[in-house]
Amino acid sequence: MVEPQAKRTAVEFLRDQHEATERRACRLVGVGRSTHRYRQRRNERRDALRKRLRELALERQRFGYRRLTALLRAEGWKVNPKCVWLICKEEGLPVRKKRRRKIERAALPATPIARPNQRWAMDFVSDSLADGRTIRTLTLIDAYTRECLALEVDTSLPGARVRRVLERLTQGRLRPEEIRVDNGPEFIGRAVAAWCEENQVRLWHIQPGKPMQNGHIESFNGRFRDECLNANWFTTVGDARRKIEAWRRDYNENRPHSALEYRPPAEFARLAGPLSFPLVSVDKAGRERCQGFPTATGIGLDIGPVPPRIS
């Protein structure tokens, strides 16, 4: 496709070298006479707008074309956002959007829970006081015994506070083999990671958008909110701590848990002992089968091949 400027040059060549009329030269080249005669007029207002727009963009470097349009209109310019966007594009002024980094996590291994302290789970739950202030609760459970090990309540719970809670719990209890958490800032910080590395505890982060990879703590959070947070009115942080700690003791010692054959978690933990391994039998083909794990009432159902033990 021939550019209009090239066609104008060809018309001028025919007129100068071959003394052709404008009408005949335009017909030979295939361009309209009005197109040949057209000359772009310099728009002084648009040049002034372009200059002012560059000045505003230099002053407000994180403003997009919509905010720049609002500033121009406040100064008395009658401009359309589309016109401002076109000038910004020509001048290279559009603000580059900051893309949020997405955390990529590998899928968690589906290892069965066979004993106490094999897996702990942590999460946060938020609520409000009577005066409108927000409080946060760190929930921490043993996924095997379903015991609620800690409910730490405060207006702010940074990673260093989570580390202190873990240190307090492991003073009178065996350390966990692994801890499952989400991707909150308290859990991906250095404080919790350093504690796990020092104590040789695996720290597993679930994949973003898949809370059921840490389903035990999600289920507990639902019971905690339904039976404690929604049923109480907290006036101060101290009042919230007292009521929540009382509920935690009742949950562990008195509340029947359906997953533990309706026994309280504390009673189940006493029966399970510090370590509990799968009960193994050998079938007629000589293959080992796992009949289940020791429970409060005896042996569970046959659940398939023996899961690997974690040393």
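One numbering rule holds for all chains: residues counted from 1, following each sequence as written. A pLDDT threshold of at least 70 governs which residues receive local features in this predicted model, and a stricter bar of 80 or more applies before side-chain atom pairs are shown or counted, although totals over entire chains, interfaces and linings include all residues. Note that water and hydrogens are dropped before the side-chain values are worked out from all heavy atoms of the structure.

### With respect to the packing of helix α1 (residues 4-17) against helix α2 (residues 22-29)
Applied cut-off: Only the stretch in contact is used when fitting a helix axis, every axis being a line fitted to C-alpha atoms; angles between N-to-C directions are given from 0 to 180 degrees. Only DSSP runs of H or I reaching four residues or more are called helices, and only runs of E reaching two or more are called strands; each is numbered from the N terminus. Our angle categories are set so that under 35 degrees counts as roughly parallel, over 145 as roughly antiparallel, 65 to 115 as roughly perpendicular, and the remainder as oblique. Handedness of a crossing is defined here by the sense of rotation of the near helix relative to the far one, left-handed for an anticlockwise turn of less than a right angle and right-handed for a clockwise turn. When checking whether two residues touch, look at their non-hydrogen atoms; a contact exists if any pair is within 4.5 Å. Three residue categories are used. Nonpolar comprises Ala, Val, Leu, Ile, Met, Phe, Trp, Tyr, Cys and Pro, charged comprises Asp, Glu, Lys and Arg, and polar comprises the others, including Gly.
One can describe the packing of α1 onto α2 by two numbers: an axis separation of 9 Å at closest approach and a directional angle of 135°. Taken together, the axis directions place α1 and α2 in an arrangement best described as oblique. Note that α1 runs across α2; the crossing there is right-handed. Two secondary-structure elements touch here, α1 through K7, A10, V11, L14 and R15 and α2 through E22, A25, C26, L28 and V29. By residue class, the composition of the contact of α1 with α2 is seven nonpolar, no polar and three charged.

### Details of the packing of aromatic side chains
Convention followed: Only rings of Phe, Tyr and Trp enter the pairing, Trp through its six-membered ring, and a pair is recorded when the two centres are within 6.5 Å. The plane angle decides the type: under 30 degrees is stacked, over 60 is edge-to-face, the rest tilted. Burial status follows relative accessibility: with a 1.4 Å probe on protein chains alone, a residue under 20% of its type maximum counts as buried, one over 50% as exposed, and anything between as partly exposed. Sitting over a ring, as applied to charges here, requires NZ of Lys or CZ of Arg to be within 6 Å of the ring centre and within 35 degrees of the ring normal.
Under the definition given, this model contains seven aromatic pairs. Their ring planes at 25° and their centres at 5.2 Å tell us that F124 and F187 sit as a pair that is stacked. Within this pair, whereas F124 is found in strand β1 (residues 119-128), its partner F187 is found in helix α8 (residues 185-188), the two being separated by 63 residues in sequence. Exposure remark for F124: the relative accessible area of 13% places this residue in the buried category. Judged by relative accessible area, which is 1%, F187 ranks as buried. Members of the aromatic cluster, each reached through a chain of ring pairs, are F220, F224, W247 and Y251. When the ring centre of F63 is taken as origin, the NZ or CZ atom of R67, which lies over that ring, is 5.7 Å away.

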